[in-house]
Amino acid sequence: MPTYHLSHLDQLEAEAIFVLRETAAQFQNPALLFSGGKDSIVMAWLARKAFWPARMPFPLVHIDTGHNFDETMTYRDEFVEMIRATLVVGSVQESIDTGRVVEEKGPNASRNQLQTITLLDTIEQNQYDACLGGGRRDEEKARAKERFFSHRDDFGQWDPKNQRPELWNLFNGRKLPGEHFRIFPLSNFTEMDIWMYIQRENIPLPSIYFSHEREVFQRNGSLLAVTRFLKAQNHETTSRRIVRFRTIGDATCTGAVESLASNLDEVIAEVAAARQTERGTRSDDKRSETAMEDRKKEGYF
């Protein structure tokens with residue numbers, strides 16, 4: 001009898017597909033949270049493979065801060081059309097206009113944290129009982145605490161001290177009315193695994209993941225891009241540099257890195273040599289030592 005050897009990428013893919021299928025089996029109305037970043041792209045790609053040739057049984061839910069990079073929004077619409085998915089958009093601007101949230105003021109203002117209320121409202125309005133997220137345990141210490149099936153109470157809150165055991169890949173999706181789950185199929189992927197999987201599968205990506213010239217400035221240790229909603233202050237100097245982004249989010253808090261990596265081989269080599277985590281460029285994570293965990297407890301991704 002022949003012996004088959006699975007590569008580590010094959011094993012990670014099989015694990016993620018198993019979690020995706022378990023989500024479809026255990027929940028009545030699950031959704032896939034889609035930011036247009038590489039992790040949510042890989043998750044959607046895996047969902048497409050998991051249920052092929054049928055269409056994936058999850059709508060893609062994008063929480064739009066209104067402060068996205070233009071390249072991300074263009075990519076989002078092209079990708080949704082390519083994989084024949086349903087797109088649901090929750091608008092932070094609408095949350096501001098209706099008084100659900102109050103926009104931050106000042107030079108370090110960001111809409112990133114405001115996404116939480118918009119997300120919870122979108123979940124409630126559409127009655128989603130599970131939301132698939134692209135979080136990975138290697139990203140940040142708070143995300144390292146997550147289970148594959150992460151319970152949220154009827155306020156959308158996460159309790160890191162009260163999580164269910166997951167022995168032998170047995171996932172407990174039982175919940176009370178009003179509660180829901182966040183599901184993380186990519187938990188055991190690393191940033192390098194994501195890039196290697198993208199390369200293996202030849203997955204298209206937003207152009208800002210690769211080197212390009214952009215006007216940027218330094219603020220609080222991050223190299224921020226000048227956009228129509230983010231300008232340098234009088235004491236901040238802008239310059240045109242060759243940069244790329246390791247992570248994609250709200251443009252007001254997502255920093256670039258100087259880089260000449262223009263293709264996947266060069267990106268993978270750069271990531272292998274990096275001494276800063278990909279979220280080290282995110283100014284929203286620097287607001288406090290527990291910034292991510294605090295946001296997650298409130299209902300953040």
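Look up: the structure comes first, before these words.
Here the structure is a predicted model, which is why all the values come from computation and not from measurement. Note that residues are indexed from 1 along each chain, following the sequence as it is written. Only residues with pLDDT of 70 or above have their local features reported here, since the model is predicted, and side-chain atom pairs are shown and tallied only from 80 upward, although totals for entire chains, interfaces and linings are computed over all residues. Side-chain metrics rest on all non-hydrogen atoms present in the structure, leaving aside hydrogens and water.

J.: I'd love a proper account of the packing of aromatic side chains, names of residues and values included.
T.: The criterion for an aromatic pair is that two Phe, Tyr or Trp rings (for Trp, the six-membered ring) have centres within 6.5 Å, with stacked assigned to planes under 30 degrees apart, edge-to-face to planes over 60 apart and tilted to the rest. Evaluated as defined, the whole model comprises 12 aromatic pairs. Centre to centre, the rings of Trp195 and Tyr209 are 5.6 Å apart; their planes meet at 85°, and the pair counts as edge-to-face. Highlighted residues: Trp195 in helix α6 (residues 191–201) and Tyr209 in the loop between α6 and β7 (212–219), separated in sequence by 14 residues. Trp195 gets classed as buried once you look at its relative accessible area, which sits at 0%. Accessibility here uses a 1.4 Å probe with only protein chains present; expressed as a share of the type maximum, an area under 20% marks a residue as buried, one over 50% as exposed, and anything in between as partly exposed. On the basis of relative accessibility, which here comes to 1%, the residue Tyr209 falls in the buried class. Grouped by ring-pair contacts, the aromatic residues Phe18, Phe27, Phe148, Phe149, Phe171 and Phe181 constitute a single cluster. Remark: a charge is flagged as sitting over a ring if the NZ atom of Lys or the CZ atom of Arg is within 6 Å of the ring centre and within 35 degrees of the ring normal. When the ring centre of Trp45 is taken as origin, the NZ or CZ atom of Arg48, which lies over that ring, is 5.4 Å away. Sitting above the plane of the Phe148 ring, Arg137 keeps its charged end 4.9 Å from the centroid. Counting from the N terminus, the helices are DSSP H or I runs at least four residues long and the strands are E runs at least two residues long.

J.: I'd like a description of the sheet that holds strand β10 (residues 257–258), backed by residues and values.
T.: A pair of strands is labelled paired if DSSP reports no fewer than 2 bridges between them. One open sheet holds the four strands; their spatial order is β8-β7-β9-β10, and the pairing between them is antiparallel. Either end of the sheet is taken by a strand with one partner, and the two such strands are β8 (222–225) and β10. As paired elements, β7 and strand β9 (residues 239–244) share five bridges and run antiparallel to each other. Note that in β9 the partner of Glu213 across the bridge is Ile242.

J.: Pulling in residues and values, what's your account of the sheet that holds strand β5 (residues 149–152)?
T.: Note: strands within a sheet are paired through backbone hydrogen bonds, in either parallel or antiparallel orientation. A sheet is described by the order of its strands in space; here six strands give the open sequence β3-β2-β1-β4-β6-β5, paired in mixed fashion. In this open sheet, the two strands that pair with only one neighbour each are β3 (87–91) and β5. The mean angle between the axes of side-by-side strands here comes to 30°, regardless of whether they run parallel or antiparallel. Bridge count between strand β1 (residues 30–33) and strand β2 (residues 60–64): two bridges; the pairing is parallel. Its bridge partner lying in β2, Leu32 is registered against Leu60. Inter-axis angles, ranging from 0 to 180 degrees, are taken between N-to-C directions of lines fitted to C-alpha atoms, where helices are fitted over the stretch in contact.

J.: Describe the pairing of strand β6 (residues 180–183), naming the residues involved and giving the relevant values.
T.: Residues His180 and Arg182 line one face of β6 and the alternating positions Phe181 and Ile183 line the opposite face, and both faces are buried. As paired strands, strand β4 (residues 130–132) and β6 are joined by three bridges and run parallel to one another. Looking at the pairing, Cys131 lines up with Arg182 of β6. Pairing analysis gives four bridges linking β5 to β6, with the strands arranged antiparallel. Considered in β6, the bridge of Arg152 is made with His180.

J.: Give a detailed account of the layout of surface pockets, specifying residues and quantitative values.
T.: Unfilled space is identified by rolling a water-sized probe across the atoms. A pocket, in this scheme, is an open set of points on a 1 Å grid over the protein atoms alone with protein on both sides within 12 Å along at least 5 of 7 lines, while a cavity is a set where a 1.4 Å probe fits but cannot get out; residues line either one if an atom lies within 4 Å of a point. Grid points are joined across faces, edges and corners, and a volume is the space filled by probe spheres set on the points. Estimated volume of the largest pocket: approximately 370 Å³. Forming the boundary of the largest pocket are 19 residues, of which Ile123, Glu124, Asp154, Gly178 and His180 lie nearest the centre. Broken down by element, the lining of the largest pocket gets its largest block of residues, five residues, from helix α5 (residues 115–126). Note on residue classes: Ala, Val, Leu, Ile, Met, Phe, Trp, Tyr, Cys and Pro are nonpolar, Asp, Glu, Lys and Arg are charged, and everything else, Gly too, is polar. For the lining of the largest pocket, the per-class residue count stands at seven nonpolar, four polar and eight charged.

J.: Outline the packing of helix α2 (residues 38–51) against α6, listing residues and values.
T.: With their axes 11 Å apart at the nearest point, α2 and α6 run at an angle of 50° to one another. Comparing the axis directions of α2 and α6 gives the class oblique. Of the two possible hands of crossing, α2 and α6 adopt the one that is left-handed. Between α2, through Lys38, Asp39, Val42, Trp45, Leu46 and Lys49, and α6, the contact on the second element is made entirely by Glu191, Ile194, Trp195, Tyr197, Ile198 and Glu201. Of the residues belonging to the contact of α2 with α6, the class tally is seven nonpolar, no polar and five charged. An angle counts as roughly parallel when it lies under 35 degrees, as roughly antiparallel when it exceeds 145, as roughly perpendicular when it falls between 65 and 115, and as oblique in every other case. Handedness of a crossing follows from how the near helix is turned relative to the far one, being left-handed for an anticlockwise turn of less than a right angle and right-handed for a clockwise one. We call two residues contacting when some pair of their heavy atoms lies within 4.5 Å.

J.: Give me the nonpolar core: which residues, what numbers.
T.: By convention a nonpolar core is built from buried Ala, Val, Leu, Ile, Met, Phe, Trp, Tyr and Cys residues, the set being connected through side-chain atoms within 4.5 Å. One finds Leu32, Leu46, Leu60 and Trp195 to be the most contacted residues of the largest nonpolar core, which totals 58 residues. Where this core is concerned, the elements lending two or more residues are α1 (8–26), α2, α3 (70–83), β4, β6, α6, β8 and α7 (264–273). Here the element with the most residues in this core is α2; it accounts for nine residues. Counting 13 residues, the second-largest nonpolar core is a separate cluster that includes Val61, Ile63, Val92 and Leu119.

J.: Give a description of the pattern of salt bridges that names residues and reports values.
T.: We count a salt bridge whenever a side-chain nitrogen from Lys or Arg sits within 4 Å of a carboxyl oxygen from Asp or Glu. As enumerated under the stated definition, the model contains 18 salt bridges in all. With its nearest N and O atoms 3.4 Å apart, the salt bridge here joins Arg152 to Glu146. Judged on exposure class, the residue Arg152 and its partner Glu146 are both buried. Its salt-bridge partner being Glu191, residue Arg246 comes within 2.7 Å of it at the nearest N-O pair. Of this pair, Arg246 sits in the loop between β9 and β10 while Glu191 sits in helix α6, and the two are 55 residues apart along the sequence. The class for Arg246 is buried, based on a relative accessible area of 6%. Each of Asp10, Glu13, Lys49, Arg200 and Glu201 takes part in salt bridges that share partners, so that together they form one network.

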